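Summary of the model geometry
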Amino acid sequence: MSLTIDITGLPPERLLFTPSPLAELSAMLHVLAEPAHHPDLHGWAAATTAAIRPELADRLLEADFLWRSSRADFLVPGLPGASLADELDAVDRLDDETYAAASLVATCGSSRLSLRSRSPLADPAARERARDLALARGPRQAAFADRLLTDPPAVRARIRRLLEDCAEAFFADAWRQVLPGLAADARHKADLLARRGPAEALASISPAVAHHAEEAGPARIVVDKLQDNSTSAVGAGGVTFIPTAFGRPHLVVVYARGWRPVLQYPVAEPGLPEPVSLALVQQRLEALAHPVRLRLARTMARGAHTTGELAEAWQLTAPEVSRHLAVLRKAGLLSTSRRGRYLLHRLDLTTSGRLGADLLEAVLR
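My aim in this report is to walk through the structure given alongside it, one point at a time. (Residues numbered from 1 in each chain as written. Predicted model: local features only at pLDDT ≥ 70, side-chain atom pairs only at ≥ 80, totals over all residues. Heavy atoms only, no water.)

**A closer look at the overall build of the protein**
- Secondary structure summary: the protein contains 15 helices and 10 strands in total.
- A buried classification covers 47% of the 365 residues belonging to the protein.
- Sequence-distant contacts, at least 24 apart, represent 68% of the contacts inside the protein between residues at least 6 apart.
- Positive and negative charge centroids in the protein, built from 43 and 42 side chains respectively, lie 7 Å apart. (Helix = DSSP H or I, 4+ residues; strand = E, 2+ residues; numbered from the N terminus. Buried < 20%, exposed > 50% of the residue type's maximum accessible area, 1.4 Å probe, protein only. Contact = heavy atoms within 4.5 Å. Lys, Arg positive; Asp, Glu negative; His and termini not counted. Charge placed at Lys NZ, Arg CZ, Asp CG, Glu CD.)

**What to know about the sheet that holds strand 8 (residues 262–266)**
- The sheet built from four strands is open, its strands ordered 2-6-8-7 with mixed pairing. Two strands bound the open sheet, and with one partner strand each, they are strand 2 (15–17) and strand 7 (252–254). With strand direction ignored, the average angle separating the axes of adjacent strands in the sheet is 15°.
- Against the sheet, helix 1 (residues 21–33) contacts strand 6 (239–244) and strand 8, and its axis sits at roughly 50° relative to strand 6. (Pairing = 2+ DSSP bridges. Axes fitted to C-alpha atoms, helices over the stretch in contact; angles between N-to-C directions.)

**Digging into the pattern of salt bridges**
- Summed over the entire model, instances satisfying the criterion amount to 19 salt bridges.
- Measuring nitrogen to oxygen at the nearest pair gives 2.9 Å for the salt bridge that ties Asp165 to Arg59. Taken as a pair, Asp165 in helix 8 (residues 152–196) and Arg59 in helix 3 (residues 54–63) lie far apart in primary sequence, 106 residues in all.
- Overlapping salt bridges bring together Arg53, Glu55, Arg59 and Asp165 as one network. (Salt bridge = Lys/Arg side-chain N within 4 Å of Asp/Glu carboxyl O.)

**What about the side chain of His324?**
- In this fold, His324 is placed in helix 13 (residues 318–330).
- A relative accessible area of 14% means that His324 is categorised as buried.
- Beyond its immediate chain neighbours, meaning those up to four positions away, His324 contacts His290, Val292, Arg293 and Leu296.

**Comments concerning the sheet that holds strand 1 (residues 3–6)**
- Reading across the sheet, the four strands line up as 3-4-1-5 and stay open at both edges, with mixed pairing between neighbours. Across the chains shown, the open sheet's two edge strands, defined by having one partner strand only, are strand 3 (209–213) and strand 5 (229–232). Each neighbouring strand pair of the sheet contributes to a mean axis angle of 20°, computed without reference to strand direction.
- As judged from the four bridges shared by strand 1 and strand 4 (residues 219–223), these two strands associate in the antiparallel manner. Bridging across to strand 4, Thr4 finds its partner in Val222.

**Section: helix 10 (residues 278–289)**
- Between its first and last C-alpha atoms helix 10 spans 16 Å; for 12 residues at 1.5 Å apiece the expected length is 16 Å, and the two agree.
- When we look at burial in helix 10, the residues that qualify are Val281, Arg284, Ala287 and Leu288. Summarising the axial view, the buried residues of helix 10 lie within an arc of 125°, below the 170-degree limit, and thus occupy one face. Every exposed residue of helix 10 that faces more than 90 degrees away from the buried side is listed here: Ala279 and Ala289.
- Considering only its buried residues, helix 10 is in contact with helix 11 (291–301), helix 13, helix 14 (349–353) and helix 15 (355–364). (Expected span 1.5 Å × (residues − 1). Arc of directions from axis to C-beta.)

**Describing the pairing of strand 1**
- The pairing of strand 1 with strand 5 spans four bridges and is classified as parallel. Within strand 5, the residue paired with Leu3 across the bridge is Asn229.

**Quick notes on the nonpolar core**
- Within the largest apolar cluster, 79 residues are counted, with the highest numbers of intra-cluster contacts made by Trp67 and Phe241.
- Top contributing element to this core by residue count: helix 8, with 14 residues.
- Residues in contact with Phe241, not counting those within four places in the same chain, are Leu15, Leu16, Phe17, Thr18, Leu202, Ile205, Ile221, Leu263 and Tyr265.
- Among the nonpolar cores identified, the runner-up in size contains 19 residues, and Ala287, Val292, Ala331 and Leu355 belong to it. (Core = buried A, V, L, I, M, F, W, Y, C linked by side-chain atoms within 4.5 Å.)

**Considerations on the packing of helix 12 (residues 307–314) against helix 13**
- Contact pair helix 12 / helix 13: the axes reach a minimum separation of 9 Å and the direction vectors enclose 110°. Judged by the angle between their axes, helix 12 and helix 13 are roughly perpendicular. Note on packing geometry: the crossing formed by helix 12 with helix 13 is right-handed. Where helix 12 abuts helix 13, its residues Thr307, Leu310 and Ala311 lie against Ala318, Val321, Ser322 and Leu325. (Parallel < 35°, antiparallel > 145°, perpendicular 65-115°, else oblique. Left-handed = near helix turned anticlockwise from the far one by under 90°.)

**So, unusual backbone geometry**
- The linkage connecting Arg248 with the following residue, Pro249, adopts the cis geometry, with an omega of 15°.
- By secondary structure assignment, the location of Pro249 is in the loop between strand 6 and strand 7.
- Positive phi outside glycine occurs at Gln315, with the angle close to 55°.
- One can find Gln315 in the loop between helix 12 and helix 13.
- Note on Gln315: relative accessible area 76%, which makes it exposed.

**Remarks on helix 7 (residues 139–150)**
- Taking 1.5 Å per residue as the helical rise, helix 7 with its 12 residues ought to reach 16 Å, and the 16 Å between its terminal C-alpha atoms agrees with that figure.
- Those residues of helix 7 lying buried are Gln141, Ala142, Phe144, Ala145, Leu148 and Leu149. Along the long axis of helix 7, the arc covered by the buried residues comes to 160°, so they all point the same way. Of the residues in helix 7, the exposed ones pointing more than 90 degrees away from the buried face are Pro139 and Thr150.

So this is what it looks like as C-alpha cells:
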C-alpha cells in the first residue's frame, strides 16, 4: 500500500522544505487528542492538558475530529507563512466550499465523500452523505457537520478563535523552542537536495519515503501509507515538506485534488532510534514466525552459539541451521562474531526488543 506523487519534469527547486506554525500546532493538537500514539511525548501532553483552562479544553474536544484521526487539509498548508497569523489569514481566503470539503472529510473520516466534485453546501445528495458519515462517527461530529453546513462563516470564525487561543495558551512558547531545530532540519534537507539530488533528500526524511525515477521516464515520490492512491505535483507547482517535532511516528500527507501535495515528517530526535520501514518489520516478524527459527532465536538470546552447537542442540543438520540463520541475519536480527576459527551467532537483543515499538510506529505512520 502506498501513496504516489508524480513529480515528472519537476525541477528540484520545486521541492520545498520549510517549517509551518499551523502544521506544528495541528501536530500538537493531535498529540493532545491521541497521546497513546506518542509515548515519547507523554510528559508534554500531560503537563499541557493539566494547564489548559477547562473552557478551552471543552472547545478542543468539540473540534478534535479536525486533527484526531486525520488532519483537515487546511491545517497543513502547501505554502507555509512566516507566522501563524499569516497562515490563518490564508485559510480565511479559502472559499466556503473548499473549507467545508476539507473539514467534512476529516469530520466524516472518509475520503469517499468525494466533496471536491460535489459541494455539500449546494448539492443535497452530498449534504446528506456528509451528515450520514458524520453521524456514524458520533454526535459531536454530526453537530459540527450540521453547523458547518448551515452557517460556514460562523464555524470558520469559531475555529480560528480556537486556534488563536491555543497559540496563547501553549503553542507560542512551544513554537519558540522547536522552531530553531525545525528550521535547521529544513535547511539540511534543502542542502542535501541541492548537492545530492532528490533520492538522498527524500531517503533522509523516512524509510517510508522513496524517490522512484526511470531514465527518460516518469519520476515519482512513493510514501508507505495505509492506502493505494496517487496524485500529481506537476500542475500544483511542486511539493512541500514540513518538519515537525511533535509528529513522530506519523507521516501526514495532504494530496487532495486542487491542493499542492504536502508531507509533514518528524525530525530525527537524539536518543531515539531511527524509524524502520513496515516492510522490514514484516520481514522480521515473518523470520521469527517459523517455529524452528524461533527455537534458534530463543537459544541464541541466552548466549552466542556456533552453527554446529545449534545443530546438535536441536537435532538439525548444519546446512539446515545455516539456512535459518541466513533468514534471521537478512532481517537484521542476528549478530555474528569470530572466536578463533569459529563463528558465534547471537540474537540481537536491542533490535528484537524494539520490534513491538517498531511495529506500532510503522502501522501508525
